Amino acid sequence: MNLIRYQDPELATWSPLNRLASLREEMNRLLDGSLAGFTGNVGLFGGWSPTVDVFQDKENVYIKAELPGMKKEEIEITFQDGMLTISGERKQESEVREGESFRSERFFGKFHRSMSMPTKVDAEKIKACYKDGILSVELPKAAEAKAKQIEVTVS
Amino acid sequence: MNPVAKTQERSVEQPVSRMPSWELPPANIREEHDAYLLELEMPGVSKNGLEVTVENNELTIVGHRGDAEPQGEVVYRESRHGDYRRTFEIDTSIDTSKIVAKMEQGILKLMLPKAESLKPRKIQVAD
């Protein structure tokens, strides 16, 4: 059995000998959880969770979650005790019944991801929008969490 | 044999340090009665950032991410901010002039119709 480990295309130089010729090798690649390029992480029990970035500046905390192929009604965002939770379910389209699937790399099903915020935020002013498959959440920092300039007086 | 499923990851022939870093979008490939359906996940790409080309039985999809540079400092980062690129070798049984592409919420759906002559055809049995 010849196991050709999938190589990251950025690092491998192309050579015709690397051609993945057999179905078995393709299957190995599909089952290999560390395949580069998934827009999500394989969860502990085989589910999936979206890729998330967290940024902050003086005024806000910003979250970006990669959730392609959803309707905004299917995404649930909750905030409690300093934790932001993004959850929902990505449904497969009903037409999948017909036809035969050759390759299935996309994840479907329920997802659930919680993250705690680096500072205190003002829950009332949280804003979220969903565009091009990316969910962007903006959480304004609470007044007391913003760095304050302290005046130095010289007497 | 999977006419569409053979994926050849072409990398640019350059020294590693100067390679553009592409992300590989996950794909679902399905065969239907009269066409192949290809779905690629490319969050952050809109219709304007998309390039789909067919050349010599190779279908290449490039997705440029339109999302703005992140504001502020990074607290935690998982995404790999490169553009997306993937190439598929497609069989001659596909009518490349009739490929249809649709982009919605970061998912590209491509419909690759089978050439007329290859559709399953019912043959009438003469009495």
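These numbers were taken from a predicted model, which means no experiment stands behind them.

Participant: I'm lost on the overall build of chain A in this one. Help?
Facilitator: Counting its regular elements, chain A contains one helix and 10 strands. Listing the helices and strands of chain A from first to last along the sequence gives α-β-β-β-β-β-β-β-β-β-β. Taking all 155 residues of chain A together, 24% fall into the buried category. If you take every contact in chain A between residues at least 6 apart in sequence, the share linking residues at least 24 apart comes to 51%.

Participant: What am I meant to see in the environment of Glu32 of chain B here?
Facilitator: Residues and elements named next belong to chain B. With respect to the secondary-structure elements, Glu32 resides in the loop between β2 (27-31) and β3 (35-41). A count of 15 C-beta atoms within 10 Å places Glu32 in the partly exposed class. Between the C-alpha atoms of Glu32 and Met111, which are 79 residues apart in sequence, the distance is 9.8 Å.

Participant: Honestly, the environment of Arg106 of chain A in this entry has me stumped. Any pointers?
Facilitator: Relative to the assigned elements, Arg106 of chain A resides in the loop between β7 (100-104) and β8 (109-116). Considering only alpha carbons, one finds Arg106 of chain A and Trp48 of chain A, 58 residues apart in sequence, at a separation of 9.7 Å. Setting aside residues up to four positions removed in sequence, Arg106 of chain A forms contacts with Pro26, Asn28, Glu39 and Glu41 of chain B.

Participant: Just to check I follow, could you spell out the sheet that holds strand β6 (residues 73-77) of chain B for this structure?
Facilitator: Paired through their backbone hydrogen bonds, the strands of a sheet run either parallel or antiparallel. The five strands are arranged β9(A)-β10(A)-β4(A)-β3(A)-β6(B) in an open sheet whose pairing can be described as antiparallel. Since the sheet does not close on itself, it has two edges, and those belong to β9 (127-131) of chain A together with β6 of chain B, each with one partner. Strand-to-strand twist across the sheet, computed as the mean angle between neighbouring axes with direction ignored, equals 15 degrees.

Participant: Mind showing me how you'd approach unusual backbone geometry here?
Facilitator: Excluding glycine, residues mostly have negative phi values, and the peptide bonds linking residues are mostly trans. Residue and element names in this part refer to chain B. Even without a glycine there, the phi angle at Asn56 is positive, about 50 degrees. Mapped onto the elements, Asn56 comes out in the loop between β4 (50-55) and β5 (58-63). Note on Asn56: 6 C-beta atoms within 10 Å, which makes it exposed. Even without being glycine, Gln105 reaches a positive phi, approximately 45 degrees. Take Gln105: it is sitting in the loop between β8 (100-104) and β9 (107-113). On the basis of neighbour count, Gln105 is assigned to the partly exposed category, with 18 C-beta atoms found within 10 Å.

Participant: How do you make sense of the nonpolar core when you look at a structure like this?
Facilitator: The tendency in soluble globular proteins is for nonpolar side chains to be buried side by side. Counting residues in each nonpolar core, the largest one holds 22 residues, and the members touching the most others are Tyr36, Leu38, Leu40, Met42, Ile90, Leu108 and Leu112 of chain B. For this core, the secondary structure elements donating two or more residues are β2, β3, β5, β7 (83-89) and β9 of chain B. When residues in this core are grouped by element, the largest group, five residues, is from β3 of chain B. When sequence neighbours within four positions are dropped, the list of residues in contact with Leu108 of chain B reads Leu40, Met42, Leu50, Ile61, Ala101 and Met103 of chain B. Counting residues in hydrophobic clusters, the runner-up holds 14 residues, among them Ile63, Leu84, Ile86 and Ile134 of chain A.

Participant: Would you mind showing me how to read the sheet that holds β7 of chain A here?
Facilitator: As summarised here, the arrangement of the five strands in space is β7(A)-β2(B)-β3(B)-β9(B)-β8(B), forming an open sheet in which the pairing is antiparallel. Single-partner strands in this sheet number two, and they are β7 of chain A together with β8 of chain B. In this sheet, adjacent strand axes meet at a mean angle of 15 degrees when their direction is disregarded. Pairing of β2 of chain B with β3 of chain B, which is carried by five bridges, proceeds in the antiparallel orientation. Each residue of the ladder has a partner; that of Arg30 of chain B, found in β3 of chain B, is Leu37 of chain B.

Here is what the cut-offs are and how they apply
Residues numbered from 1 in each chain as written. Chains lettered and ligands numbered in written order. Predicted model: local features only at pLDDT ≥ 70, side-chain atom pairs only at ≥ 80, totals over all residues. Helix = DSSP H or I, 4+ residues; strand = E, 2+ residues; numbered from the N terminus. Buried ≥ 20, exposed ≤ 12 C-beta atoms within 10 Å, placed from the backbone. Contact = placed C-beta atoms within 7 Å. Pairing = 2+ DSSP bridges. Axes fitted to C-alpha atoms, helices over the stretch in contact; angles between N-to-C directions. Core = buried A, V, L, I, M, F, W, Y, C linked by C-beta atoms within 7 Å.

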